[in-house]
Amino acid sequence: MMRLTFAAVAALGLLASACASRPDVDPDPITNGGSGNVTPDNGPVQPEGPTPGTPEHFAATAGDRVFYGYDRHDLTNEARETLRQQAAWLASYSNTRVLIAGNADERGTREYNLALGARRANAARDFLVAQGVDPSRIETVSYGKERPTCRQSTEECWAINRNATTVIQSGSMS
Amino acid sequence: MRQVFGFIASALIHLALVATGFIYFPQAARYASDSVILPVELVTLADVTNVRAARPGPEPVLPEPAPDPVMPEPETQPEPETQPEPTPLPDEPEPEPEAEPEPAPAEPVPEPEPEPEPEPRRQPVEPELDLDDLSRLIDLSRQDTRSGAAETGDTRRGAGEGTDMTATLQDMLRSQIARCTRSNADAPADMDLRVVVELRLERDGSLTSPPRLRDEARVMNSPNPFLRVAGERAMRAVIDCQPYRLPPEAYAQWRLLEVNVDTQNNR
Amino acid sequence: MIIARLARLAALLAALALLAAPALAQTPLRVDVTDGHLDPMPVAIPDFIGADRRAADAGADIARVINNNLANSGLFTPVDPDAFIEQIENIDLRPRFGDWRVINASALLVGRVTIDGEDRMQISFRLWDTATEQQLLGLQFATTPDNWRRIAHKVSDAVYERLTGEQGYFDSRIVYVAESTGADGQTLRRLAVMDQDGANPSLLTDRTYMALLPNYSPSTQQITFVAQREDGRNMSYLYDLATGRRESLFDGGGPSISGEGQSLAPRFAPDGRSLVVAAERHGSHHIFRYDLRSRILRQITNHPADDVSPSYAPGGDQIVFSSNRSGRSQLYVMTADGADVTRITFAEGQYYAPAWSPRGDLVAFVRQQAGGRFALGVVRADGSGGERILYEGYFVDSPTWAPNGRILAFTRGDFDRNGTQYSIWSVDLAGFNLRRLPTQGAASDPAWSPLIE
């Protein structure tokens, strides 16, 4: 049961991540529920879909965000897997730079969440660096709880909002 | 000769009145001097947010605010640059607060310390001493004193046999006064805010004369505003609380009260 | 005849002497009163009188603001003007106290407004105790007519102080974050200031960046805050109310905290000369002290966990902050140099956003309890004696003290499925008198100014 819930949350999260290039739009995790499973299981390059090397391509193939437990900044296995794919993608497109933004849900105080968001972004960055990504290509920021993906006051929403989102800063030169 | 005696007696009584006046009046006199309108200088930094320079310095990262429909932008704030000037002393004469319609009820006339019944208010205007009148008054007082003394005797006896009545009266008064007393529990805990108020009650439970705050000068002139307020709260409470509902048969025991108020730690 | 008279007089005098003796000897009954009530004190505040229409209108406005202030304090309850019997026509005459006692007014405030030919407004008032029939206060303020509201606050402070013994807080302002929705649907967060009673709101910052967590300087002339800028960085800023100028404290010309770290909400030291701020260095957040004159930034905590939300004691000798160094966020007190770090909270749940009381004895905090609900509470600064919860609800943040340390304002979040609703509320130290501060739209992050001088 726990496991099922988590899978659902993860799926929703991936869904939400599909919206990352349109941060203004609040994805509705309920109504969009059906078409969620876009996890790529092979290498960084997809034959069809977004143009390779673009932020859309990154999001679609590697997955652009990782999720955290409540008040946590340690990486889950799922998060590590996503970050490994991000690292592989970044290795393929070595001219890109990324901004990792840490986010928090609204169930914490403002300043604490700014710090927590920074911790989450740092955790993701440290993992990418450990995977061989040049630290000079990575910048981190914390949005705290100020820029939520999902605005509803539900556990599902909060789970989606507890993330570190990797955004391709400069498009691929390749 | 007769006039000499009359004069002596009259002087005695007037002296007594003056003396009692000193007992009650210092407070009134002090407040009267307070009633002068004091000029207060309003140091006005006009409202800080209203005093804005026209143009903030260049700021690379944060641009200037754009207009917002909901609240006025700082730029659109009215600018009351006007400085409320320090007030000069008012020209008007010290407004000595006077009772408007009838002075008597406004300033309750104090009565001689030990006396109960007589109406001293009448005496100062009495043109000539009337011994017969005085005798009558004394007779009245005597009656009162007699009954008082008898009951005082009872109290003494009671103290030997058990202080049930005393304790009961104390409980009754305690609960009645507590309901009228604003607690000092909100004052800082490390202050001694005990005050003592002395009351003299009529048989019907009303105050015979204004209550007296013991150590009034110490309390009311204290540099500690909380102590001053504690004194005022106690005075207000014992006045507001009248008439006291107490057994008339024990009047002699509750005719004079000493109320110790210390409500700081009642929470 | 004369002899008889004399004898009679002698007897009389003797009787007088006898009479006095037993009365003096009578022992008063001693009553010890240790209990009292905490009911609000009924105060009657008729409209301040004015010789002409303009002055009378101003007088009515002033009385309304004072009534509102005193009622909001929770310590007073205004008597309904419909019950008034005496019509005040001259404030220099003694009121008919009986008329005010009978409507249960313990205190009576009467005032007069005059506006002279040079547009100078004089406001005189007298505060009476209706029980003792004593004047408690008689003062006069002079100002310009457009400043009437501040005078009303000053009169409120004078009355409050005279009747409670405590410093007032009405002539103060609150800076806060006003929320609105931008054209793109994103939430905008901008600094705004208002009078303590919600009057005169105005915005300070624009919509191009998010302004968060403001705090006042002791002089009330400057405000610190965090800007979440377009580039995504959170940086500490200083805003000068007189000039409208903003200054980034730790980048640009200022000292750099670290290559890419963020700096959070600074708070002033009581002497106004330095700030204390949490900032990120080498991956975790520490407390720094920043000297505004020398521009020297000094790290005063160093722990791999996150230390945030520092707040000075009013003496300037100690700092309280929150840290998750024990695993969960708790409150700690240390000296201004970072020595003697002592934990002061120990209960279940997590503690955030400490604010040291201007009285010095208490620290206000937000506590997230087991189950996720939030509470606003206070604890003694040395951690002794347990804690007192003043408010419990769905969400609480950013407690801030009124200048006299009797009232706290805070962010309250109320559950709404479509997004939590944020507003600013106040509550007194006893946990009573919970009320919402009027703001236009959603608001959060209140910070109370000191009394305006």
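Look above for the structure.
Residues numbered from 1 in each chain as written. Chains lettered and ligands numbered in written order. Predicted model: local features only at pLDDT ≥ 70, side-chain atom pairs only at ≥ 80, totals over all residues. Heavy atoms only, no water.

A.B. asks: Please set out the state of the cysteines residue by residue, giving values where relevant.
C.D. replies: Residues and elements named next belong to chain A. Scanning the model with the defined rule gives two disulfides over all chains in all. Each disulfide pairs two cysteine sulfurs, and for Cys150 the partner residue is Cys157, the sulfurs being separated by 1.6 Å. What sets the handedness of the Cys150 and Cys157 disulfide is the S-S torsion sign, and at about -55° it is left-handed. When its relative accessible area of 4% is taken as the criterion, Cys150 is described as buried. Taking relative accessible area as the criterion, Cys157 reaches 0% and is therefore assigned buried. (Disulfide = S-S within 2.5 Å. Buried < 20%, exposed > 50% of the residue type's maximum accessible area, 1.4 Å probe, protein only.)

A.B. asks: Please set out helix α4 (residues 164–180) of chain B residue by residue, giving values where relevant.
C.D. replies: Helical periodicity: at 3.6 residues per turn, an α-helix aligns residues three or four positions apart in one direction. Over its 17 residues, α4(B) runs 25 Å from end to end, which matches the ideal 24 Å to within 8%, given 1.5 Å per residue. If you check which residues of α4(B) are buried, you get Thr166(B), Leu169(B), Leu173(B), Gln176(B), Ile177(B) and Ala178(B). Along its buried surface, α4(B) packs onto α6 (225–240), α7 (251–254) and β4 (256–261) of chain B together with β1 (29–33) of chain C. (Helix = DSSP H or I, 4+ residues; strand = E, 2+ residues; numbered from the N terminus. Expected span 1.5 Å × (residues − 1). Contact = heavy atoms within 4.5 Å.)

A.B. asks: Any details on the environment of Ala370(C)? Residues and values, ideally.
C.D. replies: Residues and elements named next belong to chain C. Locating Ala370 in the fold gives a position in the loop between β24 (362–368) and β25 (374–380). Among the residues examined, Ala370 registers a relative accessible area of 66% and is labelled exposed. Separated by 20 residues in sequence, Ala370 and Gln350 have C-alpha atoms that sit 8.6 Å apart.

A.B. asks: Requested: an account of unusual backbone geometry, with residues and values cited.
C.D. replies: Along the chain, Gln242(B) connects to Pro243(B) via a cis peptide bond; the corresponding omega equals 0°. Note that Pro243(B) resides in the loop between α6 and α7. Phi at His282(C) takes a positive value of approximately 55°, unusual for a residue other than glycine. Examined against the element boundaries, His282(C) turns out to sit in the loop between β16 (274–281) and β17 (284–291). Although it is not a glycine, Ala353(C) adopts a positive phi angle of roughly 50°. Here Ala353(C) is to be found in strand β23 (residues 350–356). Classification of Ala353(C) as buried rests on a relative accessible area of 9%.

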